[in-house]
Amino acid sequence: MSAERLPIAVIGLSGRFPDAPTEVRFWDNLATGHDAIRQVDDAMIEARRGPDGELPPNYVPMGSFLEGTEWFDHNLFGLSARDAKLMDPQQRLFVEDSWAAIEDAGYDPVRLGERVAVYTGGGPSRHVLDALDHFGHDGGTLFEVVATGSTQAMAMRVSHLFGFTGESVHLYTACSTSLVAVDLACRALAEGRADVALAGGTALWLPQGEGWDYIEGMVQSADGRCRPFDAAASGTVWGNGVGVVVLKPLAAAQRDGDRIRAVIRGSFHNNDGGAGKHSFAAPSADGQADAIASAWAEAGLDPATASFVEAHGTGTVVGDPLEVEGLHRVFGRGRGPGTVALGSVKGNIGHLDPAAGVASLVKTVLALEHRQIPPTVHFREANPRLDFAQGPFHVNAALLPWEPAPGAPRRAGINSFGVGGANCHVIVDEAPARAPSEASPRPLQPIVLAARTEGALQQMAAQLADHLEAHPDVPLADVAYTRALGRRALPVRGAVVAADAPDAVRRLRAGVTAHAVGRHGVVQLFPGQGAQAVGMARGLYAAEASFREDLDDCAALLEEPLGLDLRDLLVPADGAEAEAEAALARTEITQPALFAVCFALQRLWASFGVAPAAAVGHSVGELVAACVAGVFTPGDALHLLVERGRAIARQPPGRMLAVALPERQAAELVGGADDLALAAVNGPAQCVLCGPADAVERVAATLTAAGVAATVLRTSHAFHHPRAMAEAADAFADAVRSVPRQAPSLPVVSNVTGTWLTAAQATDPAYWAEHLRSPVRWHDGLRTLRDAGHRLLLEVGPGRVLSGLLAGDPSRPAREVWLPSLPHRRAGSDHEALLGSLAGAWARGVPVDWAAVFAGERRHRVALPGYPFEKAWCALYAPGEELALVKKALGAQRLGYGGEPPTREPAAPADVVPDRPDGCGPFVPCETETEATIASLFARALGVARVGAADDLFDLGAQSLMVVGVTNHLRGAFGVNVSPAQVFDNPTVRALARLVDDFRGTE
C-alpha cells in the first residue's frame, strides 16, 4: 500500500433516515427488509386535486419522509430562535448529527483533535427564498440568509460552533456528494492535513409529502417503490435523511483507545468527462469502472478479496445495468457467479441524493459490525439486462451471514455516482479486534453527567441507567472514562460514584442532584493533630500510584529520624493494629505522619488538575499549607515537623477541653486559671482550652455543673501548660532558622492572626514560634475566606474534623460547601469520599483533568447514549401549516413561472415562540411608545415573545449581522438614520429609545 493511503478508522457515526431516527432502528429496518417509503397523507393527496377535483393521471402519492425536521435544540448551540429559523433545516440537521456522531465516537467536540476538518454536502433548497419571504427582504436579512443560513455554510457552521480549525469544505457532486466528502476527508487525514475529520451530507425536500407526477423515461418510479436490480424496477424514489461519520487514522485511533467501527482501506473519485456520453446527466460505465479500479489500486488490494458491494443501485432502467457493467470490468467476469453479494439501501429508504453515499456507508458499517448482509428490498427477479451470469455478483434477498472471502477480512466496496459524472468508490473492512481494557485499580468509579438544563440532566441519567441495565458487561471504568472525557462539560452537572453497573443503575435511578456551575475556586484545608487514625488512606495507597509514590518518599525521609517505617502505621500488618495505634498517638510521630498523608493527598488532587485558590491549615496543618505555597520544601517541612513534635513531646502531657463558649468568655476563663491556655477558636461559640490534665478536669466539672457544654478530649497527645510551651517554641524557631524559606506563592490564611499570611511572616522564624504556642484562630480564618468570596472548601486530610467544627455554626453561609478527601476514621471507603468530592467539585465548576484521573490505565471509549436534545420549533411556518405551503407551491406551479407575488408567512403562534431567552434578567416594562416599538422590533428580530426596556440586544442572543436589519427597521419605524455602531453603543431598549428620541428632537 502506498504511504499516502493509510487506513482510516470510522470511530463514530450518526444518521437519521426515514423510519429510523437512530442507528439501532436503522439496522433493525435493514435486517428485516423494512420499506420506509409510504403513502402521503390523505390531506396532501386532496391538495393535489385540480379545480375539477381530479388528481393528475400519473400522480404517485408516495414519499420517503424524515420526521422532526422542524425541531432543533438551538439553546444548546448558543443560537437565538431567530438564528435557528434563518438556518436552512439541512444545516440544523447536520449540526445536531455532527454532535451525535462525535459523542458516538466517545469524544467532546472541544477535545476531538488539534485540527478537525469538516466535509459536507447538502441538497437543493428553497429555504433562502422562504426565509426572505418570512423575515423581509432588507439587505441585512438577505446577507444573513445567503451567507450564514444556506446549506453552503454547513461545514463552516459546524466548525464555528464546535471550535474546529481544520479545513471546512462544502461540496456538491449531486448523488455522490457525501461519499466524495468521505474520500476528501480520508485523503486529508492520510496526508496529515487533519487529525480528525467529519464527513457526510444531508437531503431534505421541503415541504415533504407531496408525491410526484410520473413521467416515462425520467428517474422517478412509476409505482412508488424503489426496486434495485429487479426486473420490475421503473425508477427511484427521492428520500430525505442525514448522515455523518467521524474519521481518524487507524494507528491514532488504536493508540487512543477509540471505538473503531470499521476501517476505510481506500477511496477514489473521478468524473466521466464528456467523451462517449450522450448527455451531461447520462452515466458512464467507463468512468465508474475507472473510479472503482483506482480505489482498489491505491489501496493495494485485490478486488477478489471483497465479499459484498453496496451499490449505488437506484432502480432506474439505465443506471443499474451500467453500474453492474462497470463492476464486472473491475471484479472480473467468469470468477464464479454468486461469490460477491450485491445490495442497495435505496430499496429501504429511497434515494437520498447528496446523502445517499453516507447512507450506504452507515449501512455497510452496521452490517460489518453485525456480520450480516441485509436483504435488498423488493428484489424478486434480476433485471435481464444485468447479465449476472457473467460475473461474481448475486443480489441477496434475505438476511445472510457475512462470510469473508478466503484469506481476507470481511470487506466491502461502496459505489456512489452522481448526475454530471462524479463517481466515487470506497473500500471498507471490518474493525480489527480490540484488546480488552484492563481492570481498574479503583474499586469505585465516578460517573459524571452534564447538561444545559436540569431536565436534560435527569433524562440523561435515566438513559444511562437504561443503557447500563441493557449492557451490564461493559466495564464501568470505561463508562466513567467515556463520560468524563467524551462529553461536553455543560453548566448543569451531577455525578454518582458506583462499584459496578447494577450499583450505578440504582444510584442513577435514585436521582442525581443537579448543581449549577459557578466560579468556584477551591480552598484546601489541612487538619491538625487529632485527625489521624491507623490505616488512614489505606485504600488510596493501594490504588493510587501518585499518592503511593509521594507517601513512599515521605516515609523514606522519615525512616531515620523516627526510627520506623511510617507505612507500618498507615498500612499495618494483620495483628499489628494496636501497636501501630500506640505509636501513632505519640506527638513526635503523629505530626510528621499527618503531614505525609495530607501532603500526598494534596499532590494527588494536584495530579487530578485541582489547584487550590487558597489554603488554610488547622494548627500543624498550616505547615502543610506553607509547603504547598512553596515556603518550605517537602523535605524541610518534614524535618521541621519532626523537630516540632520532639519539642512538644519533651513537655509534660496535658489535655484539651472543648467548650461551647464564645471567645470572650473563654478568654475570661483562661484569665482566671493561669495554668490553662486558649488553644483554638473554632466557631462563634466553640473554643478549645489546653493545660495540665488535673486543671482541665477541674474546669470541665465546673462548667458542666453550670450547664455549659464542656468535653474533655481524652486523647494521648501532649497539650501542655502554657508557660512550658515557651521552651518548645524557642526550639522550633531554631529549627526554622536552619532551613531555607521563601515568600508564599499561594494565599494562605494564618492561624495566628486569622487573616492572610504575609510574606514577612511566612519567612520569619519568630512567626512559627508564635504559631506553636498561640491559639488557632480558626473561626477568624474562615471569616477571612468567606469575606473573600470563597464558598467551596476541600478538606485535604483524614476524616471530616474541620467540617465537623462548623456543624451548627449560625454564621455559615447557606451555599458554603465542604468536601472531604477521606472518610472519618475509615468509616467508609477512601474512594467513595475522594471520588465523590472530585466529582462534586467538578459539578460545581472546578476544572478537573479527567485524562490525568485515568492516567496509567488502559481505558476504552465505549458506546453510550447521546445528549437528550431539548428541541424547540424552528420552522418558518407554524405547526400544521405544511399543507398550506404545499397548496401555495402548487398554486404557483399552475400559474406558471413566477406565480403569485410572495407573501409573508403567518407568524408562529405564541405557544411555539419562547417567552424570553435563557439567562436574561428580570422583565422591565416599557414606559414610552418609542421603547415599546423598539422592544417589539427586538422581539420579532430574535423570535421571542417579550422584550423589556432593560434588555440588551446582544444578551438576548443577537449577532452582528442582525444589527444591520435592526437599523433598517429603525429607519422604517421612526424615519431616523441610526448607524450599526450606535446600536452597539446603545444595545438596550431604553438606551436606544433615548437615542432615537434625540434624533427626532423629542424629550
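The coordinates are above.
The structure presented is a predicted model; accordingly, all values stated were derived computationally and were not measured. (Residues numbered from 1 in each chain as written. Predicted model: local features only at pLDDT ≥ 70, side-chain atom pairs only at ≥ 80, totals over all residues. Heavy atoms only, no water.)

## A short note on the overall build of the protein chain
So, point 1. The helix and strand inventory of the protein chain stands at 37 helices and 31 strands.
So, point 2. Taken over the C-alpha atoms alone, the protein chain extends approximately 110 × 85 × 45 Å along its principal axes.
So, point 3. Relative to its 1003 residues, the protein chain shows a buried fraction of 58%.
So, point 4. When contacts within the protein chain are restricted to residue pairs at least 6 apart in sequence, long-range pairs at least 24 apart make up 79% of them.
So, point 5. Of the roughly 38100 Å² of accessible surface on the protein chain, a fraction of 53% belongs to carbon and sulfur atoms. (Helix = DSSP H or I, 4+ residues; strand = E, 2+ residues; numbered from the N terminus. Buried < 20%, exposed > 50% of the residue type's maximum accessible area, 1.4 Å probe, protein only. Contact = heavy atoms within 4.5 Å. Areas by Shrake-Rupley, 256 points an atom, 1.4 Å probe, with all protein chains shown as cover.)

## Focus on the packing of helix α18 (residues 545–562) against helix α21 (residues 587–607)
So, point 1. One way to put it is that α18 packs onto α21 with a least axis distance of 8 Å and a crossing angle of 155°. Judged by the inter-axis angle, α18 sits roughly antiparallel to α21. For the pair α18 and α21, the sense of crossing is right-handed. Judged by residue contacts, Ser546, Phe547, Asp550, Leu551, Cys554, Leu558 and Leu562 of α18 engage Glu588, Ile589, Pro592, Ala596, Val597, Phe599, Ala600, Leu601, Arg603, Leu604 and Ser607 from α21.
So, point 2. A class-by-class count of the residues in the contact of α18 with α21 yields 13 nonpolar, two polar and three charged. (Axes fitted to C-alpha atoms, helices over the stretch in contact; angles between N-to-C directions. Parallel < 35°, antiparallel > 145°, perpendicular 65-115°, else oblique. Left-handed = near helix turned anticlockwise from the far one by under 90°. Nonpolar A, V, L, I, M, F, W, Y, C, P; charged D, E, K, R; others polar.)

## A short note on unusual backbone geometry
So, point 1. Even without being a glycine, Asp19 presents a positive backbone phi close to 60°.
So, point 2. Within the secondary structure, Asp19 sits in the loop between β1 (8–16) and α1 (23–31).
So, point 3. Look at His378: it is not a glycine, yet its phi comes out positive at around 75°.
So, point 4. The residue His378 is located in the loop between β14 (372–373) and β15 (393–395) in this model.

## Remarks on α18
So, point 1. Helix length check: α18 (18 residues) gives 24 Å between terminal C-alpha atoms against 26 Å at 1.5 Å per residue, within 8%.
So, point 2. Ala556 marks the point of greatest bend in α18, at about 25°.
So, point 3. Listing the buried residues of α18 in full gives Phe547, Asp550, Leu551, Cys554, Ala555, Leu558 and Leu562.
So, point 4. Looking at the buried positions of α18, the neighbouring elements they touch are α17 (538–543), α19 (567–570), α21 and α23 (634–649).
So, point 5. Phi for Gly563, located one or two positions after α18, is positive at around 70°. (Expected span 1.5 Å × (residues − 1). Bend = angle between axes of the 7 residues up to and from the residue.)

## A look at the packing of aromatic side chains
So, point 1. A complete count under the given rule lists 21 aromatic pairs for this structure.
So, point 2. For the ring pair Phe77 and Trp99, a centre distance of 5.5 Å and an interplane angle of 90° mean the geometry is edge-to-face. With Phe77 in the loop between β5 (71–72) and α3 (81–86) and Trp99 in helix α4 (residues 89–104), the pair connects residues that are 22 residues apart, well separated along the chain.
So, point 3. Geometrically, the ring pair formed by Trp99 and Phe162 is edge-to-face, given 6.0 Å between the ring centres and 65° between the ring planes. Pair noted here: Trp99 is in helix α4 and Phe162 is in helix α7 (residues 154–162), with a separation of 63 residues, a long-range link. Neither Trp99 nor Phe162 differs from the other in exposure class; each is buried.
So, point 4. Through pairs of rings, three or more aromatic residues link up here, namely Phe72, Phe77, Trp99, Phe162, Phe164, Tyr867 and Phe869.
So, point 5. Of note, Arg82 hangs over the ring of Phe135, and the distance from its end group to the ring centre comes to 5.2 Å. (Phe/Tyr/Trp six-rings, centres within 6.5 Å; stacked < 30°, edge-to-face > 60°. Lys NZ or Arg CZ within 6 Å of the ring centre and 35° of its normal.)

## Details of the pairing of strand β26 (residues 686–691)
So, point 1. Within β26, five of the six residues are buried, which leaves the element mostly enclosed by the surrounding structure.
So, point 2. Two elements, strand β24 (residues 655–659) and β26, share five bridges in a ladder whose sense is antiparallel. When the sheet's bridge partners are listed, Arg655 is paired in β26 with Gly691.
So, point 3. Remark: two residues form the turn of the hairpin made by strand β25 (residues 677–683) and β26, two consecutive strands paired antiparallel. (Pairing = 2+ DSSP bridges.)

## Digging into the nonpolar core
So, point 1. In this structure, Leu198 and Trp850 are the most contacted members of the largest nonpolar core, which totals 155 residues.
So, point 2. Those residues in contact with Trp850 that lie beyond four places of it in its chain are Pro446, Val448, Ala484, Leu485, Leu838 and Trp842.
So, point 3. Of all hydrophobic cores here, the second largest spans 50 residues; its members include Val180, Ala199, Val362 and Ile414. (Core = buried A, V, L, I, M, F, W, Y, C linked by side-chain atoms within 4.5 Å.)

## What about the packing of α4 against α7?
So, point 1. Put simply, α4 and α7 touch, their axes get as near as 10 Å, and they point 50° apart. On the basis of their axis angle, the class for α4 and α7 is oblique. Of the two elements, α4 crosses α7, and the hand of that crossing is right-handed. In contact with Gln90, Gln91, Phe94, Val95, Ser98, Trp99 and Ile102 of α4, α7 contributes Met154, Arg157, Val158, Leu161 and Phe162.
So, point 2. Considered class by class, the residues forming the contact of α4 with α7 number eight nonpolar, three polar and one charged.

## Thoughts on the sheet that holds strand β19 (residues 445–451)
So, point 1. Read from one edge of the open sheet, three strands run β19-β20-β21, paired in antiparallel fashion. At either end of the open sheet lies a strand with only one pairing partner, and these are β19 and β21 (515–516).
So, point 2. Of the strands in this sheet, β19 and β20 (492–498) touch helix α14 (residues 454–470), which is tilted by about 140° from β19.
So, point 3. Across the sheet, helix α15 (residues 476–485) lies against β19 and β20, angled at about 35° from β19, the strand it touches most.

## Considerations on the sheet that holds strand β17 (residues 411–417)
So, point 1. On the basis of which strands lie adjacent, the open sheet formed by eleven strands has the order β7-β6-β8-β10-β1-β11-β18-β17-β12-β13-β15 and mixed pairing. Both outer strands of the open sheet, β7 (168–170) and β15, are each paired with one neighbouring strand and no more. Across the sheet, the mean angle separating the axes of adjacent strands is 25° when strand polarity is ignored.
So, point 2. Strand contacts of helix α10 (residues 285–299): β11 (262–271), β17 and β18 (422–430), with the helix running at about 140° to β11, the strand carrying the most contacts.

## What to know about the state of the cysteines
So, point 1. The final tally for this structure, using the stated rule, is zero disulfides.
So, point 2. For Cys598, which is in no disulfide, the shortest distance to another cysteine sulfur is to Cys554 and amounts to 11 Å.
So, point 3. For Cys598, a relative accessible area of 0% puts it in the buried group.
So, point 4. Here Cys690 is not disulfide-linked; the sulfur of Cys687 is the nearest cysteine sulfur, at 12 Å. (Disulfide = S-S within 2.5 Å.)

## Things to note about the pairing of strand β6 (residues 116–121)
So, point 1. Of all six residues in β6, six are buried, a share of seventy percent or more.
So, point 2. Sheet analysis places β6 next to strand β8 (residues 196–203), joined by six bridges and oriented parallel. Bridge pairing links Gly121 to Gly201 in β8.

## Examining the environment of Ile648
So, point 1. Looking at the element boundaries, Ile648 is found in helix α23.
So, point 2. Classification of Ile648 by relative accessible area gives buried; the value is 6%.
So, point 3. Taking the C-alpha atoms as reference points, Ile648 and Glu67, 581 residues apart in sequence, are found 77 Å from one another.

## Remarks on the pattern of salt bridges
So, point 1. On inspection of all chains with the given rule, the structure shows 58 salt bridges.
So, point 2. Asp35 is the partner of Arg225 in a salt bridge, and the nearest nitrogen-oxygen pair spans 2.7 Å. Linking Arg225 in the loop between β9 (212–213) and β10 (241–249) with Asp35 in the loop between α1 and β2 (38–39), this pair joins segments that are 190 residues apart in sequence.
So, point 3. Take Arg225: its relative accessible area is 23%, and that puts it in the partly exposed class.
So, point 4. Here Asp286 makes a salt bridge to Arg329, at a shortest N to O gap of 2.1 Å. (Salt bridge = Lys/Arg side-chain N within 4 Å of Asp/Glu carboxyl O.)

## A look at empty space enclosed by the protein
So, point 1. For the coordinates displayed, the defined rule picks out two cavities of 30 Å³ or more.
So, point 2. Within this model, the second largest cavity holds a volume of roughly 40 Å³.
So, point 3. Tallied by class, the residues present in the lining of the second largest cavity amount to five nonpolar, one polar and four charged. (1 Å grid on protein atoms, 1.4 Å probe; cavity = no way out; pocket = protein on both sides within 12 Å on 5 of 7 lines; lining within 4 Å. Points joined across faces, edges and corners; volume = space filled by probe spheres on them.)

## Brief notes about the side chain of Ser178
So, point 1. The topology assignment puts Ser178 in helix α8 (residues 177–190).
So, point 2. Exposure remark for Ser178: the relative accessible area of 0% places this residue in the buried category.
So, point 3. Polar side-chain contacts of Ser178 include one of 2.8 Å to the backbone nitrogen of Val358.
So, point 4. The contact partners of Ser178, leaving out residues within four places of it in the chain, are Gly200, Gly201, Pro354, Ala355, Ala356, Gly357 and Val358. (Polar contact = N/O pair within 3.5 Å; in protein donor to acceptor, adjacent residues only side chain to side chain.)

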